[in-house]
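One letter stands for each residue in the lines below.
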Amino acid sequence: MKKVTKATYLKWYEDMLFWRKFEDKLAQVYIQQKVRGFLHLYNGQEAILAGALHVMDLEKDKMITAYRNHVQPIGLGVDPKRVMAELYGKGTGTSQGLGGSMHIFSKEHNFYGGHGIVGGQIPLGAGLAFADKYFKREAVTLTFLGDGAARQGSLHETLNMAVKWNLPVVFCVENNGYAMGTSVARTSKGTDIWKLGNGYEMPCGPVDAMDPIKVAEALDEAIKRARKGDGPTFLEMKTYRYRGHSMSDAQKYRTKEEVAEYQELDPITKVLSVIKDKKYASEDQIKEINQRVKDKVSECEKFAEESDFPEKNVMYDVVYEQEDYPFLAHKPQ
Ligand SMILES: Cc1ncc(C[n+]2csc(CCOP(=O)(O)OP(=O)(O)O)c2C)c(N)n1
Ligand SMILES: [Mg+2]
């Protein structure tokens, strides 16, 4: 695996802090009704993305996930201003403001969404991997799914095909403890989700996903296996989400103490304590990073606020290929 250095730690800290603050800002503007619809935040799960980006080949490896999907494209290089604008429904957004929170997408950055149907992205991830294998691109697809999605039928059909066809895909279950308000233990006899891989004779295992190094190590092995042509891996990333499922969640299914217990394991705090212990940065340098993150988030907010909503015709342009909309009785005004 690529060495984890001082620069890696500093990058992890700044990236993860930015993702966290980006999501916090969205929660704030949502309450102000500037962002509408659903809003699922990634707070607590950042080490998974940080670890993945450390070992992916960003030129060609792909990522696909569910609706908790704002920060992954940012990690892959999409301009965060455009992601925020998308959430505001503005024309400068990644999908011209038509996708919204659950549908961030950037083929250019190998980010394939952004999917609201629980488990819907699982077969699509295998399909992306099939295309890469067919065209001999030596690329790997990281397919992320939740613990709830792991109980969808689509997972089982996909695992069977992926292993039979040796597809270059890594299935990463982000087990954050809950599917909306339902704990894993309420829906599953066995709570070690990674063991599902055994049913398909697929390499599998659990990962401590509150630590980016542990995530990077596990994914490095899985990605190398896939790239060599030795097929898929099934990993259970053990993580936690600090915020509610979406924005209207009274969180009666868990205690404040439970959330606090996991916050003790916080990946950003963990990375920061390594930086401090190893003297990778002075207090002043850390303050500088924090300030930079704050400024960057404000820039995103300003850009989204100041952008215009899309032109009405965009709705038709993205559906119909011909400019004069021959199938419509009335030409849109
Ligand atoms: C097919 C389908 N069924 C139900 C829903 C409603 N729903 C939205 S999110 C969710 C929970 C999914 O939980 P999990 O897979 O653990 O992902 P997490 O939200 O924890 O990231 C459910 C049931 C849906 N979007 N799609
Ligand atoms: Mg979950």
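The rules behind these values
- Residues numbered from 1 in each chain as written.
- Chains lettered and ligands numbered in written order.
- Predicted model: local features only at pLDDT ≥ 70, side-chain atom pairs only at ≥ 80, totals over all residues.
- Heavy atoms only, no water.
- Helix = DSSP H or I, 4+ residues; strand = E, 2+ residues; numbered from the N terminus.
- Rg over C-alpha atoms; globule rule 2.2 N^0.38 Å.
- Buried < 20%, exposed > 50% of the residue type's maximum accessible area, 1.4 Å probe, protein only.
- Areas by Shrake-Rupley, 256 points an atom, 1.4 Å probe, with all protein chains shown as cover.
- Lys, Arg positive; Asp, Glu negative; His and termini not counted.
- Charge placed at Lys NZ, Arg CZ, Asp CG, Glu CD.
- Patch = residues over 30% accessible without salt bridge, like charges linked within 9 Å, V, L, I, M, F, W, Y side chains within 5 Å.
- Salt bridge = Lys/Arg side-chain N within 4 Å of Asp/Glu carboxyl O.
- UniProt positions renumbered as here; feature names shortened; annotations may be inferred.
- Near = heavy atom within 4 Å.
- Polar contact = N/O pair within 3.5 Å; in protein donor to acceptor, adjacent residues only side chain to side chain.
- 1 Å grid on protein atoms, 1.4 Å probe; cavity = no way out; pocket = protein on both sides within 12 Å on 5 of 7 lines; lining within 4 Å.
- Sits in = over half its atoms within 2 Å of the grid points.
- Nonpolar A, V, L, I, M, F, W, Y, C, P; charged D, E, K, R; others polar.
- Pairing = 2+ DSSP bridges.
- Axes fitted to C-alpha atoms, helices over the stretch in contact; angles between N-to-C directions.
- Contact = heavy atoms within 4.5 Å.
- Points joined across faces, edges and corners; volume = space filled by probe spheres on them.
- Parallel < 35°, antiparallel > 145°, perpendicular 65-115°, else oblique.
- Left-handed = near helix turned anticlockwise from the far one by under 90°.
- Right-handed = clockwise from strand over helix to strand, strands pointing away.

Peer 1: Any chance you could explain the overall build of the protein chain here in plain terms?
Peer 2: Assigned secondary structure in the protein chain consists of 12 helices and 7 strands. Against the 2.2 N^0.38 benchmark of 20 Å for 333 residues, the protein chain shows a C-alpha radius of gyration of 20 Å, consistent with a compact globule. Oriented by its inertia axes, the alpha-carbon framework of the protein chain measures out at about 60 × 55 × 40 Å. Going through the 333 residues of the protein chain one by one, you find that 50% of them count as buried. For the protein chain, the exposed area adds up to about 16500 Å²; of that, 51% sits on carbon and sulfur atoms. In the protein chain, the 46 positive side-chain charges and the 46 negative ones have mean positions that sit 2 Å from each other.

Peer 1: Help me understand a nonpolar patch on the surface, please; the structure alone is not making it clear to me.
Peer 2: There is a patch of nonpolar side chains on the surface, built from Phe130, Tyr134, Phe135, Met161 and Trp165 and spanning about 570 Å² of accessible area. Within the secondary structure, Phe135 sits in the loop between helix H5 (121-134) and strand E2 (141-146).

Peer 1: Sorry if this is basic, but what is going on with the UniProt feature "domain: Dehydrogenase E1 component" (unreviewed entry) in the protein chain here?
Peer 2: Within the UniProt annotation, "domain: Dehydrogenase E1 component" (unreviewed entry) is assigned to residues 15-310. Annotation note: span residues 15-310, helix share 44%, strand share 10%, distance between end C-alpha atoms 30 Å.

Peer 1: Would you take a moment to explain the site of ligand 1 for this structure?
Peer 2: Taken together, 15 residues surround ligand 1, and among them Tyr67, Arg68, Gly148, Ala149 and Asn176 come closest. The contact in question runs from a nitrogen atom of ligand 1 to an N or O atom on the backbone of Val118, over 3.1 Å. Isolated, ligand 1 exposes 590 Å² of accessible area, and the fraction of that covered by the protein chains is 71%. With respect to the pocket detection grid, ligand 1 is positioned in the largest pocket. Across the shell around ligand 1, the residue classes tally to 7 nonpolar, 6 polar and 2 charged.

Peer 1: Looking at this structure, I do not really get the sheet that holds strand E7 (residues 233-238). What am I missing?
Peer 2: Hydrogen bonds between backbone atoms are what pair the strands of a sheet, whose relative direction is either parallel or antiparallel. Ordered in space as E1-E2-E3-E7-E6, the 5 strands form an open sheet in which the pairing is parallel. Of all strands in the sheet, those with a lone pairing partner are strand E1 (62-64) and strand E6 (204-208), marking the two edges. Strand-to-strand twist of the sheet, defined as the mean angle between neighbouring strand axes without regard to direction, takes the value 20 degrees. Running at roughly 175 degrees to E2, H5 makes contact with E1, E2 and strand E3 (169-175) of the sheet. Where helix H6 (residues 153-164) meets the sheet, it contacts E2, E3 and E7, and its direction lies at approximately 150 degrees from that of E3.

Peer 1: Quick question: what am I supposed to make of the layout of surface pockets here?
Peer 2: Remark: the empty space left among the atoms is shown by a probe the size of a water molecule rolled over them. Roughly 520 Å³ of internal volume is contained in the largest pocket. For the largest pocket, the lining is made up of 33 residues, of which His40, Tyr67, Arg68, Val118 and His245 are closest to its centre. Elements with a minimum of two residues in the lining of the largest pocket: E2 and strand E4 (178-179). Class assignment of the residues belonging to the lining of the largest pocket gives a composition of 14 nonpolar, 14 polar and 5 charged. Size it by volume and the second largest pocket reaches roughly 260 Å³. Taken together, 17 residues form the lining of the second largest pocket, with Asn175, Asn176, Gly177, Thr239 and Tyr262 sitting closest to its centre. When contributions to the lining of the second largest pocket are tallied by element, the ones reaching two or more residues are helix H7 (184-187), E7 and helix H9 (256-263).

Peer 1: What exactly am I supposed to notice about the packing of helix H1 (residues 6-31) against helix H10 (residues 267-277) here?
Peer 2: The axes of two packed helices give the description: the angle between them and the distance between them. Across the interface, H1 lies against H10 with an axial gap of 9 Å and an inter-helix angle of 150 degrees. The pairing of H1 with H10 is recorded here as roughly antiparallel in orientation. The crossing of H1 and H10 is left-handed. Contacts between H1 and H10 involve Tyr9, Leu10, Trp12, Tyr13, Met16, Leu17 and Arg20 from the first element and Pro267, Ile268, Val271, Leu272, Val274 and Ile275 from the second. Across the contact of H1 with H10, the residue classes break down as 12 nonpolar, no polar and 1 charged.

Peer 1: When you look at the pairing of E6 in this model, what are you seeing that I'm missing?
Peer 2: In regular strands, side chains alternate between the two faces of the sheet. Of the two faces of E6, only one is covered, namely that formed by Gly205 and Val207; the face formed by Cys204, Pro206 and Asp208 stays uncovered. Chirality of the crossover, the property in question, places the unit of E6, helix H8 (residues 212-228) and E7 among those that are right-handed.

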